[in-house]
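Fold and contact review
So the chains spell out like this:
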Amino acid sequence: GGGPMGGGMMFGGAGFGMMPFEERYHAVPVAAADKSDTSKLEAGGKIMLPPSALHKLAQLEIAYPMLFELTNQSNARKLHCGVLEFIAQEGTVLMPHWMMENLGVAHGDMVKIKSATLPKGQYVKLRPQSKTFLDIANPKAVLENTLRNFSALTKGATIRIFYNKKEFDIDVVDIKPRDSGAISIIDADVNVDFDAPADYVEPVYQPKAQQRPAQMSFNDLEDAAAEEAALEKKSTPFAGLGARPNGKSVQSDASMDVDSTVPEKRSALQWKLRFERHDGIQPTKDEAEAKDGFAAFKGAGQSLRA
């Protein structure tokens, strides 16, 4: 509520006018849209609005990058996102399937869409729903690449990323700053923590049982790009997550040497991701991996800037 200033003005930066944009639209899944290539919309965190919305946003002088809060008023669930294009049919909003799932809306249900101002993200904790995410050879590069298709992350949401013709659902467990319940990741340097996958079973402490590859997967992951070969030959007694006998991490807070310690709070991986502003010129996956993928990540668990 509040006055005409709305809730998030203290963050500034988005140049919003006094009046927020607020409309209601019928949710339409991307798959049902009359568009030849919907893969870009499905694989990201942006919606498509009708041309009239662009006209109204321009009148209200709502600046780029535009961010929106989506609300399902029947269950009060909220989600935050950007906009990809203004080519939806009048009265409708085209949404990726994962957004409709998060909001609990079906084809044709009403969604309230309101302009939002979100703080720039500094930190996010993610939790893959499935251990299969650990099979990706260079998850940091993949995450950096796929999250460029998102403008905002909402605490409590489960986003979906696509890589190598597979889809991966990832929970947004925590964010900082927390004030708005969501963060903008456009032009932001974000520290990323990973929790153990939702279906990951903690190994019981048994010194002999720790050498199976499954128990080492988090360890492998942190250094996969730089030390793949070395790790395959090495067997680490305490590589299993949370396998330290005293349950404590021996590191200082300043150290992030994931290879030799188990960080506090069972966080498996810690990275710093950098998201450049979307100007339509994105490197291809191969270019991104060639530029960032290997040399930049040789250090184990340093705070990384691509």
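Residues numbered from 1 in each chain as written. Predicted model: local features only at pLDDT ≥ 70, side-chain atom pairs only at ≥ 80, totals over all residues. Heavy atoms only, no water.

A separate point is the overall build of the chain. The number of helices and strands found in the chain is six helices and 13 strands. Classification of the 306 residues of the chain by burial places 49% in the buried group. Within the chain, contacts between residues at least 6 apart in sequence are counted, and of these 77% link residues at least 24 apart. Roughly 15,100 Å² of accessible area belongs to the chain as shown, and the carbon and sulfur atoms make up 52% of that amount. (Helix = DSSP H or I, 4+ residues; strand = E, 2+ residues; numbered from the N terminus. Buried < 20%, exposed > 50% of the residue type's maximum accessible area, 1.4 Å probe, protein only. Contact = heavy atoms within 4.5 Å. Areas by Shrake-Rupley, 256 points an atom, 1.4 Å probe, with all protein chains shown as cover.)

Attention now moves to the nonpolar core. The tendency in soluble globular proteins is for nonpolar side chains to be buried side by side. By size, the foremost hydrophobic cluster in this structure holds 51 residues, and its most contacted members are Ile 47, Leu 49, Phe 68, Leu 70, Met 95, Ile 113 and Leu 143. The contact partners of Leu 49, leaving out residues within four places of it in the chain, are Tyr 25, Phe 68, Val 83, Glu 85, Phe 86, Ile 87, Ala 88, Val 93 and Ile 113. The next biggest cluster of nonpolar side chains, apart from the first, holds seven residues, and it includes Ala 33, Leu 41, Ala 88 and Leu 94. (Core = buried A, V, L, I, M, F, W, Y, C linked by side-chain atoms within 4.5 Å.)

Strand direction decides the pairing type here: strand β7 (residues 123-128) and strand β10 (residues 166-176), joined by six bridges, are antiparallel. Counterpart to Lys 125 in the pairing with β10 is Asp 174. In terms of strand pairing, strand β9 (residues 158-163) meets β10 through six bridges, oriented antiparallel. Directly across from Phe 162, in β10, lies its bridge partner Glu 167. (Pairing = 2+ DSSP bridges.)

Turning our attention to the pattern of salt bridges. Summed over all chains, the structure comprises eleven salt bridges. Residue Asp 174 pairs with Lys 155 through a salt bridge whose shortest N-O separation is 3.7 Å. One end of the pair, Asp 174, is in strand β10; the other, Lys 155, is in the loop between β8 (152-154) and β9, with 19 residues separating them in the sequence. Put simply, Glu 101, Arg 160, Glu 167 and Asp 169 are held in one network by salt bridges that share partners. (Salt bridge = Lys/Arg side-chain N within 4 Å of Asp/Glu carboxyl O.)

This part takes up the packing of aromatic side chains. The description of an aromatic ring pair uses the distance of the two centres, along with the angle that the planes make with each other. By the definition in use, this model includes four aromatic pairs. With centroids separated by 5.9 Å and ring planes inclined at 75°, the aromatic side chains of Phe 21 and Phe 68 adopt a geometry described as edge-to-face. Of this pair, Phe 21 sits in the segment before β1 (22-29) while Phe 68 sits in strand β3 (residues 67-72), and the two are 47 residues apart along the sequence. For Phe 21, a relative accessible area of 0% corresponds to the buried category. (Phe/Tyr/Trp six-rings, centres within 6.5 Å; stacked < 30°, edge-to-face > 60°.)

Let us look at the confidence of the model for the chain. Looking at the chain, pLDDT values average 74 and 62% of them are 70 or higher. Long-range and interchain partners of residues 278-285, a stretch whose pLDDT sits below 50, account for ten contacts in this model, where long-range means more than four residues apart. When the criterion is pLDDT under 50, residues 287-306 qualifies, and its contacts beyond four places in sequence or with other chains add up to 40 contacts. (pLDDT = per-residue confidence, 0-100.)

With that settled, the discussion passes to the side chain of Lys 112. Along the chain, the position of Lys 112 falls in strand β6 (residues 110-116). Buried charged residue Lys 112 carries no salt bridge. Nearest counter-charge: Glu 22, at 4.0 Å. Other than its neighbours up to four places away in sequence, Lys 112 contacts Glu 22, Glu 23, Arg 24, Glu 69, Leu 70, Thr 71 and Gln 73. (Lys, Arg positive; Asp, Glu negative; His and termini not counted.)

In the segment running from Lys 176 into Pro 177, the intervening peptide bond is cis, with an omega of -5°. The residue Pro 177 is located in the loop between β10 and β11 (182-184) in this model. For Glu 61, which is not glycine, the phi torsion reads 55° and is therefore positive. In this fold, Glu 61 is placed in the loop between α2 (51-59) and β3. Among the residues examined, Glu 61 registers a relative accessible area of 60% and is labelled exposed. Unlike most non-glycine residues, Asn 164 shows phi in positive territory, near 55°. Relative to the helices and strands, Asn 164 resides in the loop between β9 and β10. Taking the relative accessible area as the measure of exposure, Asn 164 reaches 57% and is therefore exposed.

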